[in-house]
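# Structural features, examined
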Amino acid sequence: MRNYLMLIYFIAFLAACESTELDSEPGIASRRIAFAIPSQSSVTLYIENNYNTRVKTFYNHELLEAGSYTVAWDCLDNKGKPVPMGAYFVTLIADFGNEKYSKTIIIIVGKES
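Each value, and the rule that gives it
Every chain's residues receive numbers from 1 upward, in the order its sequence appears when written. Owing to the predicted nature of the model, reporting of local features is limited to residues with pLDDT of at least 70; listing and counting of side-chain atom pairs is limited to 80 or more, with chain, interface and lining totals taken over all residues. Values reported for side chains reflect all heavy atoms of the structure, with hydrogen atoms and water molecules removed beforehand. For helices the rule is a DSSP run of H or I covering at least 4 residues; for strands it is a run of E covering at least 2, with both sets numbered from the N terminus onward. Remark: exposure states derive from per-residue accessible area (1.4 Å probe, protein chains only) relative to the maximum for the residue type, with buried under 20%, exposed over 50%, and partly exposed in between. Throughout, a contact is declared for two residues whenever any of their heavy atoms are within 4.5 Å. For two strands to be treated as a pair, DSSP must find no fewer than two bridges joining them. In this description, a line fitted to the C-alpha atoms serves as the axis of each element, helices being fitted only across the stretch in contact, and the angle between N-to-C directions of two axes falls anywhere from 0 to 180 degrees. Put simply, buried Ala, Val, Leu, Ile, Met, Phe, Trp, Tyr and Cys residues joined by side-chain atoms within 4.5 Å make one nonpolar core. Between rings of Phe, Tyr and Trp, where Trp is taken as its six-membered ring, a pair exists when centres lie within 6.5 Å; planes separated by under 30 degrees are stacked, by over 60 edge-to-face, and by other angles tilted. Only Lys NZ and Arg CZ are tested; either one counts as a charge over a ring when it is within 6 Å of the ring centre and within 35 degrees of the ring normal.

### Some words on the overall build of the chain
Check the secondary structure of the chain and you find one helix and seven strands. Along its sequence from the N terminus, the chain presents helices and strands in the succession α-β-β-β-β-β-β-β. Classification of the 113 residues of the chain by burial places 39% in the buried group. Considering only contacts in the chain between residues 6 or more positions apart, those separated by 24 or more positions represent 52%.

### Looking at the environment of A66
Following the sequence through the fold, A66 ends up in the loop between β4 (54-64) and β5 (67-73). Counting along the chain gives 28 residues from A66 to P38, while the straight-line C-alpha distance between them is 5.0 Å. Filtering out sequence-adjacent residues up to four positions away, A66 remains in contact with I37, P38, S39 and Q40.

### Topic: the sheet that holds strand β3 (residues 41-48)
Within the open sheet, the four strands sit side by side as β4-β3-β6-β7. Their pairing is antiparallel. One side of each edge strand has no neighbouring strand; the edge strands of this open sheet are β4 and β7 (100-109). Adjacent strand axes in the sheet meet at a mean angle of 10 degrees, parallel and antiparallel pairs treated alike. Pairing of β3 with β4 involves seven bridges; the strand directions are antiparallel. Of the residues in β4, the one forming a bridge with V43 is E62.

### Quick word on the pairing of β7
In this structure, strand β6 (residues 86-95) lies alongside β7, joined through ten bridges in antiparallel fashion. Paired with Y88 across the strands is I107, a residue of β7.

### As for the nonpolar core
Ranked by internal contacts, the top residues of the largest apolar core, which has 24 residues, are F35, I37, L45, I47, F58, Y59 and W73. Broken down by secondary-structure element, the contributors of at least two residues to this core are β2 (29-37), β3, β4, β5, β6 and β7.

### Description of the environment of Y46
Looking at where Y46 falls in the secondary structure, it is placed in strand β3. Along the primary structure Y46 and T104 are separated by 58 residues, whereas in three dimensions their C-alpha atoms are 9.6 Å apart. Residue contacts for Y46: discarding those within four places in its chain leaves R54, K56, T57, F89, V90, T91 and I93.

### Details of the packing of aromatic side chains
Across all of its chains, the model carries three aromatic pairs by this definition. Relative to Y69, the ring of F35 has its centre 5.5 Å away and its plane inclined at 20 degrees; by these criteria the two rings are stacked. In this pair, F35 sits in strand β2 while Y69 sits in strand β5, placing the two residues 34 residues apart along the sequence. Take F35: its relative accessible area is 2%, and that puts it in the buried class. Summarising the aromatic geometry, the rings of W73 and Y88 are spaced 5.5 Å apart at their centres and angled 65 degrees between planes, so their arrangement reads as edge-to-face. Pair noted here: W73 is in strand β5 and Y88 is in strand β6, with a separation of 15 residues, a long-range link. Joined through ring pairs, the aromatic side chains of F35, Y59 and Y69 make up one cluster. The cationic tip of R54 hangs over the ring face of Y46; the distance from NZ or CZ to the ring centre is 3.7 Å.

Now the structure itself:
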């Protein structure tokens, strides 16, 4: 059962990354990141650049109830500045007390053609 739940989290997390155009920065994509947790959990969700520097933090060890969550990343860092084009790593960590789940996916930031 444990592996089955882990697979559900991964699919929900990957499938929900979509790009949309921002009005403030035409041609730069924003990303929606979704995940689901089956029970109350301490959640950390952040984005790092390819130098392993954290550029954006959405949740930092925050206690969330069971359910589905979505965050939108507008391609701005924690200081509100646009990030350069490139690959970024989105990491989700959910700590259920007796189990810890961690998964990382890649998002590409760049101008749309």
